[in-house]
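Survey of secondary and tertiary structure
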Amino acid sequence: MSLISFAVIGKDNAPLYIRDFDYEKDCSDPSLSGSEFRDDPFGFLNHTQLLNGYSSLKNQFIIHSALDNFEGLDALNVDRPQHGPNSMWVGLLGHFDDTKVYAYATSTKIKFFATIEDIEDESNNIAREAALKALFANAHEYFVEYMMNPFSNVRTQKKLISQRFDMGIMELATTFNENFGQKGMSWM
């Protein structure tokens, strides 16, 4: 059960960041070697061709379908805890094709979506949801760090373009996939 894509959706339901995690493609493409990131560790140069450009139309459609489900839940005023560690956790939004989409919503109406492979494994469900909660909380920290940067341009460009944010999300996805991906669950 590996992480397929990750998205950050803004207050106006416009995608700020969508990223697929196709490691075979990323590792085999020499243009994505990462040297561009090492040459600019603070993210001041424009790397728009590398950042935020890895999302298939299928995964974009799945994220938008999940957003429709989220809006339906939000309209029903589904009760969630107001305080505590689960106050921002929305949970499973639905099954789309061969994936499951989970969500996390902040108090400022920013939404984080994660698409994972749909593997029927009820015995590992609690551990997977705990790992997803941690992934979302860490991604939220990266987002807040980016927004607090006075040089961030998400308000003007309506896109989250930051190599530090992108590398942080890639690290979170790699950790999640190592622990819960097919390679990480070979013991089952």
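Below is a summary of the structure that appears in this document. Just so it is clear, the model here is predicted, and its values are computed rather than measured.

What the chain contains, in helices and strands, is six helices and five strands. The order of α-helices and β-strands along the chain, N terminus first, is β-β-α-α-α-β-β-β-α-α-α. Buried positions account for 45% of the 188 residues belonging to the chain. Here the chain has roughly 10500 Å² of accessible surface; of this, 55% comes from carbon and sulfur atoms.

Before going further, it helps to spend a moment on the nonpolar core. Membership of the largest hydrophobic core comes to 29 residues, with the highest contact counts inside it found for Phe6, Val8, Phe112 and Phe136. If you list the elements that add at least two residues to this core, you get strand 1 (3-9), strand 2 (15-20), strand 4 (99-105), strand 5 (111-117), helix 4 (125-148) and helix 6 (163-180). Ignoring any residue separated from it by four or fewer positions in sequence, one finds Phe112 in contact with Phe6, Ala7, Val8, Tyr102, Ala103, Tyr104, Thr106, Phe136, Ala139, His140 and Phe143. One finds Ile63, Ala66, Phe96 and Ala105 within the second-largest nonpolar core, a separate group that totals 15 residues.

Okay, the side chain of Lys111 next. Relative to the elements of secondary structure, Lys111 occurs in strand 5. Summary of buried charges: Lys111 has no salt-bridge partner, and the nearest side chain of opposite charge, Glu71, is 4.5 Å away. At a separation of 3.0 Å, a polar atom in the side chain of Lys111 contacts the main-chain carbonyl oxygen of Lys109. Sequence-distant contacts of Lys111, defined by excluding residues within four places in its chain, comprise Ala7, Val8, Ile9, Gly10, Lys11, Asn13, Leu67, Phe70, Glu71, Tyr104 and Ala105.

Basis of the calculations
- Residues numbered from 1 in each chain as written.
- Predicted model: local features only at pLDDT ≥ 70, side-chain atom pairs only at ≥ 80, totals over all residues.
- Heavy atoms only, no water.
- Helix = DSSP H or I, 4+ residues; strand = E, 2+ residues; numbered from the N terminus.
- Buried < 20%, exposed > 50% of the residue type's maximum accessible area, 1.4 Å probe, protein only.
- Areas by Shrake-Rupley, 256 points an atom, 1.4 Å probe, with all protein chains shown as cover.
- Core = buried A, V, L, I, M, F, W, Y, C linked by side-chain atoms within 4.5 Å.
- Contact = heavy atoms within 4.5 Å.
- Lys, Arg positive; Asp, Glu negative; His and termini not counted.
- Salt bridge = Lys/Arg side-chain N within 4 Å of Asp/Glu carboxyl O.
- Polar contact = N/O pair within 3.5 Å; in protein donor to acceptor, adjacent residues only side chain to side chain.

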